[in-house]
Structure formats: structure tokens, C-alpha cells
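So the chains spell out like this:
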Amino acid sequence: MIKLSNWKIIHKLLLLVGVMSAVIAAVALVGYFGISDLSDGVYDVASEGSEAMLGALVNENVLAISRDEFHIAADPSAENLSALAAQIDQQKNEFTDRIAKLKTTADDAQMTRIATVEAAYRSYLPSLAQTMAQAREFGGQVADDDAQRKIIDAAKSSKDKIGSLIAAVHDYTQFSSTRSNSAAANVESEGMHTVTVMAVVGAAGILGGILIGYALAAFAIARPLGMSVKQLRTLAEGSVDFDIAGAERADEIGLIARTMQVFKENLIKNRELQAKQAAEQEQRAKR
């Protein structure tokens with residue numbers, strides 16, 4: 001069992017410093033792990049947000065392809081067809097590149113949705129190609145209602161296909177956006193939790209440090225020193241009719257107590273010697 005009465009005062013002070021250092025270390029550790037969790041959370045938010053943004057861009061590609069297809073159906077002239085076909089090719093290339101990027105960070109749930117998007121895209125491409133083929137074949141006959149109808153019918157036939165593709169892309173985008181929002185909410189929650197824990201640990205540590213410091217100062221230093229001062233004052237007044245307390249301690253208080261014990265014993269011896277000398281003088285005087 002640890003006895004503080006055997007500790008030097010400097011060691012008691014070092015104990016107090018150690019307690020406060022432990023409090024600071026605890027707060028620092030809570031902050032470190034909290035910041036680490038926040039860092040991971042911020043990364044998740046950035047990752048999920050990036051995926052949601054890419055999903056939105058993929059959706060723009062799909063909508064642009066669909067819009068250009070119907071513009072071709074409405075005006076299948078050679079000039080319009082050439083310009084819109086180039087735009088469609090560009091949108092298709094961007095769609096492919098963005099899907100590839102999404103795959104690099106996708107988890108299983110996202111990969112399932114990406115696979116659905118790709119399947120819907122592959123299903124739509126033949127319908128798009130049919131519209132383009134009809135426009136090239138009958139584009140020069142736009143004045144012919146039958147030719148115009150064939151082009152429009154070809155565009156209409158891909159409506160369900162493009163609808164499925166848009167729905168699949170929307171599902172992926174919605175899923176990623178929901179996860180991004182959830183990750184952001186988690187980061188906010190973790191931040192508040194970290195601040196709360198740091199405040200609680202800090203407050204508890206400070207209160208504990210104050211209590212321990214007070215206990216050490218009052219009971220391990222101030223009170224024993226006060227006792228020693230009182231005993232020294234009593235000895236200085238010439239009183240020896242009391243027991244010196246604290247001599248059994250191994251700290252500075254014990255050293256003072258043992259020194260006072262020597263003073264007390266010397267004072268008693270001096271008084272005994274003085275009494276003996278006085279008695280001898282009195283006997284000599286009677287003779």
C-alpha cells in the first residue's frame with residue numbers, strides 16, 4: 001500500500017504534476033482519435049459526394065443523348081444530323097469514362113446499380129442506332145410524311161429504353177446522394193461527440209486534479225507542516241510534556257519531527273542537569 005507520508009514533498013508535487021499531465025494526455029488522446037474519426041468521415045463525405053456528382057454528370061449525359069435523338073427525329077436534315085451525331089458521340093464517350101471512374105471507388109451496392117445502368121445503356125444503344133439509321137436513310141425525304149413518321153416512330157421506340165436508363169441512373173445518383181448526406185450527418189455527429197467527450201474528460205480531469213491537488217496540499221503537506229510548526233512553537237515555549245508526532249514518517253515532516261525529538265530530549269537532559277546542579281548547590285549551602 002502506498003503511504004504518502006513516506007514520500008518527499010517534491011515527489012508529492014511531481015505526483016500532482018503527473019495527474020495533471022495525465023489529464024492533458026487524456027484530452028489529447030480523445031482529441032486525436034476524434035480528429036482521426038472526423039478525418040475518415042470527411043474522406044467518406046468527399047468520396048460519396050464525388051460519386052454523387054459523377055452520377056449527376058452521367059445523368060446529364062443520358063438526358064443530352066435522349067434530347068439530341070429527338071432533335072434528330074424532329075429535324076433529320078443532313079446538317080443537323082451531322083452536328084447532333086457528333087454531340088451524341090461526345091456524350092457517349094463521357095458516359096463511358098464516368099462510369100469507369102465510378103467503378104474505381106464503388107462498393108458492392110454501388111456496383112450492382114452501376115451494372116443495372118450499363119445493362120440499360122446497352123439495351124438503349126440499338127434503339128438509338130435505329131433512330132440514327134432511319135434519319136440517315138429518310139432524312140432527305142422530310143417533306144414525305146411517311147418518311148418523317150418512320151424517323152419519329154424509330155425515336156419513339158427507344159422511349160422506354162431511354163426511360164429505363166434514366167431510371168437506373170437516377171437510382172444510382174439518389175443512392176449515392178443519400179449516402180453522401182448520411183456521411184455528412186455522421187461527420188457532424190462525430191464532431192459534436194468529440195467536442196462533448198473532450199469537454200467532459202477535460203472538466204472531469206480538471207476537477208479531479210483540483211481535488212487531488214487539494215488533498216495532497218492539505219493533508220500531505222500543509223497539515224503535517226502545520227503540526228510541525230505547532231510542535232516547534234511548543235518546544236520554543238519550553239514545554240516538553242507532549243509526544244512528538246510524525247517521527248515515523250520518511251518525508252521531510254518525519255525529518256523535522258525526529259530533529260525536534262532530539263531537541264526535546266536535549267532540553268529534558270539540560271533541565272535534569274540544571275535540577276541536579278541546583279540540588280547539589282542547595283546541599284552545599286546547608287553545610
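Before reading further, recall that the structure is shown in the block above.
Here's what I pulled together on the structure shown here.

## Concerning the packing of helix 2 (residues 78-105) against helix 3 (residues 108-138)
Thinking step 1. In the contact formed by helix 2 and helix 3, the axes pass within 12 Å of each other and the chain directions differ by 170 degrees. The angle between helix 2 and helix 3 places the two elements in the roughly antiparallel class. Contacts between helix 2 and helix 3 involve Leu81, Ala85, Ile88, Lys92, Phe95, Ile99, Leu102, Lys103 and Thr105 from the first element and Gln110, Met111, Ile114, Val117, Glu118, Tyr121, Leu125, Leu128, Met132, Ala135 and Arg136 from the second.
Thinking step 2. A class-by-class count of the residues in the contact of helix 2 with helix 3 yields 14 nonpolar, 2 polar and 4 charged.

## Brief notes about the pattern of salt bridges
Thinking step 1. The tally for this structure, following the rule as stated, stands at 4 salt bridges.
Thinking step 2. With its nearest N and O atoms 2.8 Å apart, the salt bridge here joins Glu118 to Lys103. Here Glu118, found in helix 3, pairs with Lys103, found in helix 2; they are 15 residues apart in sequence, far enough to count as distant.
Thinking step 3. With a relative accessible area of 34%, Lys103 lands in the partly exposed category.

## A look at empty space enclosed by the protein
Thinking step 1. On inspection of all chains with the given rule, the structure shows 1 cavity of 30 Å³ or more.
Thinking step 2. Roughly 30 Å³ of internal volume is contained in the largest cavity.
Thinking step 3. Residue lining of the largest cavity: Gly55, Val58, Ile99, Leu102, Ile114, Val117, Val169 and Tyr172, and that is the complete set.
Thinking step 4. Contributions of two or more residues to the lining of the largest cavity are made by helix 1 (9-74), helix 2, helix 3 and helix 5 (159-236).
Thinking step 5. Here the residues of the lining of the largest cavity sort into 7 nonpolar, 1 polar and no charged.

Reading the values: the criteria
Residues numbered from 1 in each chain as written. Predicted model: local features only at pLDDT ≥ 70, side-chain atom pairs only at ≥ 80, totals over all residues. Heavy atoms only, no water. Axes fitted to C-alpha atoms, helices over the stretch in contact; angles between N-to-C directions. Helix = DSSP H or I, 4+ residues; strand = E, 2+ residues; numbered from the N terminus. Parallel < 35°, antiparallel > 145°, perpendicular 65-115°, else oblique. Contact = heavy atoms within 4.5 Å. Nonpolar A, V, L, I, M, F, W, Y, C, P; charged D, E, K, R; others polar. Salt bridge = Lys/Arg side-chain N within 4 Å of Asp/Glu carboxyl O. Buried < 20%, exposed > 50% of the residue type's maximum accessible area, 1.4 Å probe, protein only. 1 Å grid on protein atoms, 1.4 Å probe; cavity = no way out; pocket = protein on both sides within 12 Å on 5 of 7 lines; lining within 4 Å. Points joined across faces, edges and corners; volume = space filled by probe spheres on them.

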